[in-house]
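Each chain is listed here by its residues.
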Amino acid sequence: MGKLIVTAFVTLDGVMQAPGGPGEDVDAGFEHGGWLVPYADDDFGSLMTRIFEETADHLLLGRRTYDLFASYWPLVTDENNPIAVKLNAMPKYVASRTPRTLEWHNSHLLEGEAAESIARLKGELGGVIMTQGSSDLISTLQQHDLVDEYRLLVSPVILGTGKRLFSGGATPVAWTLTESRATGSGMQYCAYERAGKPEYGSFALEEQE
């Protein structure tokens with residue numbers, strides 16, 4: 001059974017739209033593209049290299065993120081760039097409602113409804129299936145309780161608008177913090193693993209009998 005890890009760049013208010021540049025995603029008139037870039041220091045680079053080199057066996061992407069990656073990473077042929085080497089070689093699975101040809105090496109189109117095809121993929125693959133970006137796809141994963149772990153890189157900025165990591169409809173799940181560290185620029189990295197169903201209590205004093 002594959003383990004599905006959501007890796008996401010988010011702001012303090014949970015926005016994950018267009019972290020890498022103004023033109024990445026302008027849906028709903030989003031004007032804050034590129035908000036991650038000022039915080040992408042050497043610590044961030046080392047952290048992302050570690051995540052891809054040591055963690056990911058398969059990459060799961062939505063259509064928009066796949067197109068963005070496929071237009072850039074195949075052009076990075078430097079063998080000293082470990083992220084490029086890993087991304088260009090590893091199996092990539094794309095959830096898209098539109099039939100299409102995928103030209104990036106080792107890319108595979110998932111057929112049928114995304115939730116069903118991804119659940120089936122988890123049953124067929126071993127190792128780690130990791131997402132990057134793909135906010136609409138992540139929402140589907142959350143609604144169908146398919147996420148096993150989150151790896152969040154939280155930048156110290158609030159935008160107020162934009163697509164959010166948790167936009168509603170997620171299945172209730174409790175999580176355990178397994179790793180946390182800060183980069184020199186103030187970005188916070190947190191990893192969370194599933195810990196079963198949420199538990200509930202109350203701070204109110206019990207009524208006296």
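Our subject is the structure listed above.
No experiment lies behind these values; they were computed from the predicted model shown.

**Looking at the nonpolar core**
- M48, F52, W73, L87 and L153 are the most contacted members of the largest nonpolar core, which has 35 residues in total.
- By residue number, the principal contributor to this core is helix 1 (residues 42–54), which donates 5 residues.
- Aside from chain neighbours lying at most four places away, what touches M48 is F9, I83, Q132 and L153.
- Among the nonpolar cores identified, the runner-up in size contains 22 residues, and L146, Y150, L152 and L165 belong to it.

**Examining the layout of surface pockets**
- Estimates place the volume of the largest pocket at around 1400 Å³.
- Contributing to the lining of the largest pocket are 50 residues, with T65, F69, Q132, G133 and S134 lying nearest its centre.
- Of the residues forming the lining of the largest pocket, the biggest block, 5 residues, is contributed by helix 2 (residues 63–70).
- Here the residues of the lining of the largest pocket sort into 24 nonpolar, 15 polar and 11 charged.

**Brief notes about the pairing of strand 8 (residues 188–194)**
- The sheet contact formed by strand 6 (residues 149–155) and strand 8 spans 6 bridges and is antiparallel. Among the inter-strand pairings, V154 is bridged to a residue of strand 8, identified as Q188.
- Pairing geometry for strand 7 (residues 175–182) and strand 8, over 7 bridges, is antiparallel. Bridge pairing in strand 8 places A182 opposite Q188.
- From the end of strand 7 to the start of strand 8, which pair antiparallel, there are 5 residues, and G186 there has a positive phi angle of about 100 degrees.

**Focus: the packing of helix 1 against helix 3 (residues 82–89)**
- Axis separation between helix 1 and helix 3 bottoms out at 9 Å; the angle between their running directions is 30 degrees. Taken as a pair, helix 1 and helix 3 cross one another with a handedness that is left-handed. For the pair formed by helix 1 and helix 3, the contact residues are M48, T49, F52 and E53 on the first element and P82, I83, K86 and L87 on the second.
- Per-class residue counts for the contact of helix 1 with helix 3 are 5 nonpolar, 1 polar and 2 charged.

Scoring rules and cut-offs
- Residues numbered from 1 in each chain as written.
- Predicted model: local features only at pLDDT ≥ 70, side-chain atom pairs only at ≥ 80, totals over all residues.
- Heavy atoms only, no water.
- Core = buried A, V, L, I, M, F, W, Y, C linked by side-chain atoms within 4.5 Å.
- Buried < 20%, exposed > 50% of the residue type's maximum accessible area, 1.4 Å probe, protein only.
- Helix = DSSP H or I, 4+ residues; strand = E, 2+ residues; numbered from the N terminus.
- Contact = heavy atoms within 4.5 Å.
- 1 Å grid on protein atoms, 1.4 Å probe; cavity = no way out; pocket = protein on both sides within 12 Å on 5 of 7 lines; lining within 4 Å.
- Points joined across faces, edges and corners; volume = space filled by probe spheres on them.
- Nonpolar A, V, L, I, M, F, W, Y, C, P; charged D, E, K, R; others polar.
- Pairing = 2+ DSSP bridges.
- Axes fitted to C-alpha atoms, helices over the stretch in contact; angles between N-to-C directions.
- Left-handed = near helix turned anticlockwise from the far one by under 90°.

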